[in-house]
Amino acid sequence: MLTRRTPLLLVLVAAAVTTGCAQSDPPSAQAQSHSHRAAATTRSTTTTSTTEPPVTPMAWSPCNGDLQCGTLVVPLDYAHPDGPTISIAVARHPAEEPAARIGSLVIDPGGPGVSGINDMSNELSALTPQLLDDFDIVLFDPRGVERSDPVTCGSAGSGPSDPTPVTPSQQAATIAGLQQFAAGCEKNSGDVLPYVGTVDVARDMDRLRQALGDSGLTYMGQSYGTLLGLTYAALFPTHIRAMVLDSVIDPALSFNQITAGQAAGFEGVLNAFFTWCAASAECAWHTGSDPTATLQALLNAAATAPAPAGGGNSLGVGQLYDALLEDLYSQSDWPQLGQALADDSAGNGAPAAAQSNQYNTGGSDNADDAGTAIDCLDHPVSHDLATYGALADSLQASAPIFGPLLAWGEAGCAVWPVPPTRTVGPVAAPGSPPILVVGTTNDPATPYAWAVSVTKELDHGVLLTHDGDDHVAYFYSACVRADAQTYLVSGQTPPPGTICSS
C-alpha cells in the first residue's frame, strides 16, 4: 500500500502527513509515472438483496485530443441496487486498426487513489503497437477518485505530524492526528465513504465490461490494480477473457505480513541505493561510513528543525519519507534522490518537498484522501492501538528506516470510521482462463514471493518472472511486454519457468 500514495497501502501515516505515493515521470515508455501503491487482502463475496438494474451501453463523446469519454452509472450500494447511484468517469483510446479490433483492454494503473484517466497517456506510451491496433484502451477513475464522486477530507484531515512516534506522548499525538484525519473524511464524504472499497470497484468493473459490449473482460492490473483484478476474479471468474497481473499483491496475507514484506523490500532497495551512491559519481549525496545513520539524522532534523523549502514552507519529516518512497520505485530515479538528499543536507528542502508533492498528488487531485479510504475498507486491522508501537519495534531491527513508518501506517485504519468490506484469503478463481502473473525479483513494493504465492493460489495461474529491481515490469522490460502482448491477443501464455532479463 505504499505506492501512492502510489505507494502502496502501507504508507497511511506518511501520506496523511503530506500525502501519498506517486512515482516520478519516466524518461521513456519503459519507466512508470503513476502511483502504484500496494494493498492486500481480498473479499470474494458481498451481499445483494435484489437484482441489479440493467447496464446501459457506454455513450462516448470526444475529449482530451483523440480520446473518447463517457460515464458509467452504477449503484452506490450493491446491497441496495435500486437506491442511490454513483457516476464512474471512463475514457478510451479507440483501436487504431478497427478491422483488427478484438475488444477492450481495461487497465488499472495502481494506487489506490489513482486516476486512470489521468494515467492514460502514460499507458499509451508504454503499450505495444499491436495492442494499440487491436484493442480499445480503457481506463477509469474508480469510485471515490478524482472525477468519480471523489472522497474529500478537507482541512480537518491534516493528519499527524510524526509518522514514526516513539515516546508515549508522541504516539498519543500521532493517534490524535490520525483520528482528526478520519473525522475530516467522515464529515466531508460520509455518504460515499462506506462504498469505495475494491469489492465495489470490482463490481463496477463487471458493469463496465457489459457497457463496453465485451463478453469477457480483458484486463491489465498494475500494483494495486492486481488486487482489483484478483477481487474481480474471485467474484466473476468466468467473465474473464484474459488478465495480466503485474507486481502482484497476495490477497491471502494479513496486513501485518504485508507491512513486514514491504518494509523489507524498501529497506533492501534503500541499501542498494546506499551502495550505488557511495560508488557513483552520479550521486551528489555523501553518505558517510554509516549511510543509515546519516539518513536517520536527516529525518530527525526534518522533525525538529526542518530545512526551508521555499515560499515560506519547510520540509517536514513526513515529506522527506515521501520523497524517499517516490524515488525508490525505480533505479532511474536514484540520481534525483541523491541530489534531493544532498540539497536537504545543505539546508535546501525544496527538491525533496517537490518529490513529496509528486508522491502525494501525481496520481490524482485527491490521491491521499481516496487512497486512505479505499485502503481502510480493503484491509482489516487491529483496533488495539497499543499494538502499533510493538509492531514498529519488531520491524525496526531489520528495517530501521521503513519498518516503524509502515507499522504506524496501519494505525490509520485502526481509527477509521467505517468497517472494512473485504476479508483476507487466497483467490482461486475456478473456471477462469489462464491468468498471467508477473513478478519482479527485487521489486521494492510488491515482493516477488507474493507473485509466486498468488500463482499457486490461482487454479490457473501462470508466472512470468522479470529479473530486475523496478516496480511494474511492463514499463521496464521489452520481454515482459512481448509476452503480455502474445497472451492478451491470443491467450497463449509463456512456457512455465520463463524469466525475462531484459
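K.L.:
How would you summarise the overall build of the chain if you had to cite specific residues and measurements?
P.N.:
Along the chain, the regular secondary structure elements total 17 helices and 14 strands. Here the chain holds 502 residues, and the buried ones make up 61% of them. Nonlocal contacts in the chain, meaning residues at least 24 apart in sequence, comprise 77% of its contacts between residues at least 6 apart. Just so you have it, the chain exposes about 16600 Å², and 52% of that area is on carbon and sulfur atoms.

K.L.:
Give a description of the side chain of Asp327 that names residues and reports values.
P.N.:
Residue position: Asp327 is located in helix H9 (residues 317-328). On the accessibility criterion, Asp327 (0% relative accessible area) is buried. With near-sequence residues (within four places) excluded, Asp327 lies in contact with Asp333, Trp334, Gln336, Leu337 and Gln355.

K.L.:
Which residues make up the state of the cysteines, and what are the values?
P.N.:
Within this structure, the stated rule accounts for five disulfides. Each disulfide pairs two cysteine sulfurs, and for Cys63 the partner residue is Cys69, the sulfurs being separated by 2.0 Å. The chirality of the disulfide connecting Cys63 with Cys69 is right-handed, given an S-S dihedral of about 75°. Given the relative accessible area of 15%, Cys63 is considered buried. Two residues share a disulfide in this structure: Cys479 and Cys500, whose sulfurs sit 1.9 Å from each other. For the disulfide bridge between Cys479 and Cys500, the dihedral angle about the S-S bond is near -65°, and by the sign convention the bridge is left-handed. Here Cys479, found in helix H17 (residues 478-490), pairs with Cys500, found in strand E14 (residues 499-500); they are 21 residues apart in sequence, far enough to count as distant.

K.L.:
Tell me about the sheet that holds strand E13 (residues 461-466), and name the residues and values.
P.N.:
Reading across from one edge, E3-E4-E5-E7-E6-E8-E9-E12-E13-E14 is the order of the 10 strands in this open sheet, with mixed pairing throughout. The sheet terminates laterally at strand E3 (61-63) and E14, the two strands that pair on one side only. Sheet analysis places strand E6 (residues 103-108) next to strand E8 (residues 217-222), joined by four bridges and oriented parallel. The partner of Ile107 across the bridge, within E8, is Met220. Running over the sheet, helix H5 (residues 198-212) touches strand E4 (67-75), strand E5 (85-93), E6, strand E7 (135-140) and E8 and is turned about 125° from E4. Here H17 sits on the sheet in contact with E6, E7, E8, strand E9 (240-246), strand E12 (435-440), E13 and E14, set at roughly 165° to E9.

K.L.:
So what's going on with the packing of helix H7 (residues 255-279) against helix H8 (residues 291-304)? Residues and values would help.
P.N.:
Close contact between H7 and H8 brings their axes to 10 Å; oriented N to C, the two are set at 105°. Judged by the angle between their axes, H7 and H8 are roughly perpendicular. Here Leu270, Asn271 and Phe274 of H7 come into contact with H8, specifically with Pro291, Thr292 and Leu295. Looking at the contact of H7 with H8 residue by residue, the class counts come to four nonpolar, two polar and no charged.

K.L.:
Go over unusual backbone geometry with me, naming the residues and quoting the values.
P.N.:
A negative phi holds for most residues other than glycine; trans holds for most peptide bonds. The omega torsion across Gly111 and Pro112 is 0°, close enough to zero to call that bond cis. Following the sequence through the fold, Pro112 ends up in the loop between E6 and helix H2 (120-126). The backbone phi angle of Ser223 is positive, close to 55°, even though this residue is not glycine. Along the chain, the position of Ser223 falls in the loop between E8 and helix H6 (224-235). On the basis of relative accessible area, Ser223 is assigned to the buried category, the value being 0%. For Val472, which is not a glycine, the phi torsion comes out positive at approximately 75°. Take Val472: it is sitting in the loop between E13 and H17.

What counts, and where the lines are drawn
Residues numbered from 1 in each chain as written. Predicted model: local features only at pLDDT ≥ 70, side-chain atom pairs only at ≥ 80, totals over all residues. Heavy atoms only, no water. Helix = DSSP H or I, 4+ residues; strand = E, 2+ residues; numbered from the N terminus. Buried < 20%, exposed > 50% of the residue type's maximum accessible area, 1.4 Å probe, protein only. Contact = heavy atoms within 4.5 Å. Areas by Shrake-Rupley, 256 points an atom, 1.4 Å probe, with all protein chains shown as cover. Disulfide = S-S within 2.5 Å. Pairing = 2+ DSSP bridges. Axes fitted to C-alpha atoms, helices over the stretch in contact; angles between N-to-C directions. Parallel < 35°, antiparallel > 145°, perpendicular 65-115°, else oblique. Nonpolar A, V, L, I, M, F, W, Y, C, P; charged D, E, K, R; others polar.

Keep in mind that these numbers describe shape and distance, not what the molecule does.
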